[in-house]
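Reading the structure
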Amino acid sequence: MAHGSSRVLACAIGLAGCGGGGQEAALPPTYFDRAAFGVLTARPASSSVPQSGSASYEGGFVADIRQADVTPTGRIEGGLTLGLDFAPGSTTQPVEGRLHDITGEFLGAAVAIDALPLVPGNGRLVLMQDGGRRGGAVEAGFSAELPLAGETRRLDIAIDSPLRGAGGRALAGPVTGTILTAPFTDQPHVLAGQFHATAE
């Protein structure tokens, strides 16, 4: 589902601010919606995942950052794009995707990251066939070395979720990760958050 469709879902569940105000276009995009996350998380794991075809999932994530998983050091959020290819039977398929338009704050400095790529070989769609029931789950890891708060650091972010709802058209689950400072042997800053995404 395109990013605009996430806004349609938010309006459908009664969030304020979904009107046609003249200044809305000037607001920065917000990809993660906590109310939408609650709705999608409540959907059960799918038992009707497709046997073939492909789908593009769009959504967002948010994560709090803590030094050594204790002291708050920031917060980031951004968009999520995943491409899934379905296949018959019980099998594992590669996943394509990226995190994008990441903004927030880390150690008092603004964060602005255009894209965080999927680590090659670190995204998979696990498909499970059990008689007439067919489920699936997604795991994906994203990473890059980039300047953060004035130093070169490595940002690692991982997501995982079962395919949810009818046809497995929704994802919602935890976000985990770390930020390490070069030469990447320091005590990490730990990320913990949530993500959601849906397919048209």
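Everything numeric in this text was worked out from a predicted model, so none of it was measured.

It is worth spelling out the confidence of the model for the protein at this point. Chain-level statistics for the protein give a pLDDT mean of 88 and a share of 86% at 70 or above. Residue range residues 1–27 is modelled with pLDDT below 50. Its contacts to residues more than four positions away, or to other chains, number 32 contacts.

Attention now moves to the pairing of strand 3 (residues 91–106). A regular strand places its side chains so that they alternate between the two faces of the sheet. Where strand 2 (residues 71–85) lies against strand 3, 10 bridges are found, and the strand directions are antiparallel. Looking at the pairing, Gly74 lines up with Phe106 of strand 3. Hairpin connection from strand 2 to strand 3: 5 residues lie between these consecutive antiparallel strands, with Gly89 at a positive phi of about 75 degrees. Relative to strand 4 (residues 109–130), strand 3 runs antiparallel, the two sharing 12 bridges.

Here we take up the sheet that holds strand 6 (residues 151–162). Here 8 strands make up a closed barrel; going around it, the order is 1-2-3-4-5-6-7-8 and the pairing antiparallel. Taking each pair of neighbouring strands and ignoring which way they run, the sheet shows an average axis angle of 20 degrees. Here helix 2 (residues 34–41) sits on the sheet in contact with strand 1 (54–67), strand 2, strand 7 (170–181) and strand 8 (189–199), set at roughly 70 degrees to strand 8.

A few words now on the pattern of salt bridges. Within this structure, the stated rule accounts for 4 salt bridges. Salt-bridge contacts for Glu151 lead to Arg153; the nearest nitrogen and oxygen are separated by 3.6 Å. Residue Glu151 is classed as partly exposed on the basis of its relative accessible area of 41%.

Here Thr181 is to be found in strand 7. Relative accessible area serves as the criterion here: at 12%, Thr181 is assigned to the buried category. Polar side-chain contacts of Thr181 include one of 2.6 Å to the side chain of Arg153. Once you skip the residues sitting within four places of it in the chain, Thr181 turns out to touch Glu151, Thr152, Arg153 and Asp186.

In this section: the pairing of strand 2. Note that strand 1 and strand 2 share 14 bridges and pair antiparallel. Of the residues in strand 2, the one forming a bridge with Glu58 is Thr81. From the end of strand 1 to the start of strand 2, which pair antiparallel, there are 3 residues, and Ala68 there has a positive phi angle of about 55 degrees.

Moving on, we come to the environment of Ala166. Locating Ala166 in the fold gives a position in the loop between strand 6 and strand 7. Note on Ala166: relative accessible area 67%, which makes it exposed. When neighbours within four sequence positions are excluded, Ala166 is seen to be in contact with Ser46 and Ser48.

Once that is clear, we can look at unusual backbone geometry. Excluding glycine, a negative phi dihedral is what most residues carry, and trans is how most peptide bonds are arranged. Here the bond from Ala182 into Pro183 is cis, since omega is 10 degrees, no more than 30 degrees from zero. Within the fold, Pro183 resides in the loop between strand 7 and strand 8. The backbone of Asp69 shows a phi angle near 65 degrees, a positive value even though the residue is not glycine. One non-glycine residue with positive phi stands out, namely Asp101, at about 50 degrees. With respect to the secondary-structure elements, Asp101 resides in strand 3.

Attention now goes to the packing of aromatic side chains. Enumeration according to the criterion identifies 1 aromatic pair in this entry. Judged by centre distance (5.9 Å) and plane angle (40 degrees), the ring pair of Phe32 and Phe37 falls under tilted. One exposure class covers both Phe32 and Phe37, and it is buried. Positioned above the aromatic ring of Phe184 is the side chain of Arg154, whose terminal nitrogen or guanidinium carbon lies 5.2 Å from the ring centre.

In this section: helix 2. Helical geometry note: an α-helix holds 3.6 residues per turn, so side chains three or four residues apart project in the same direction. Along helix 2, the residues classified as buried are Ala36, Phe37 and Leu40. Angularly, the buried residues of helix 2 cover 105 degrees about the axis, an arc narrow enough to put them on a single face. Taking the backbone nitrogen of Ala35 as reference, a side-chain oxygen 3.0 Å away marks Asp33 as the first, capping residue of helix 2.

Calculation rules
- Residues numbered from 1 in each chain as written.
- Predicted model: local features only at pLDDT ≥ 70, side-chain atom pairs only at ≥ 80, totals over all residues.
- Heavy atoms only, no water.
- pLDDT = per-residue confidence, 0-100.
- Contact = heavy atoms within 4.5 Å.
- Pairing = 2+ DSSP bridges.
- Helix = DSSP H or I, 4+ residues; strand = E, 2+ residues; numbered from the N terminus.
- Axes fitted to C-alpha atoms, helices over the stretch in contact; angles between N-to-C directions.
- Salt bridge = Lys/Arg side-chain N within 4 Å of Asp/Glu carboxyl O.
- Buried < 20%, exposed > 50% of the residue type's maximum accessible area, 1.4 Å probe, protein only.
- Polar contact = N/O pair within 3.5 Å; in protein donor to acceptor, adjacent residues only side chain to side chain.
- Phe/Tyr/Trp six-rings, centres within 6.5 Å; stacked < 30°, edge-to-face > 60°.
- Lys NZ or Arg CZ within 6 Å of the ring centre and 35° of its normal.
- Arc of directions from axis to C-beta.

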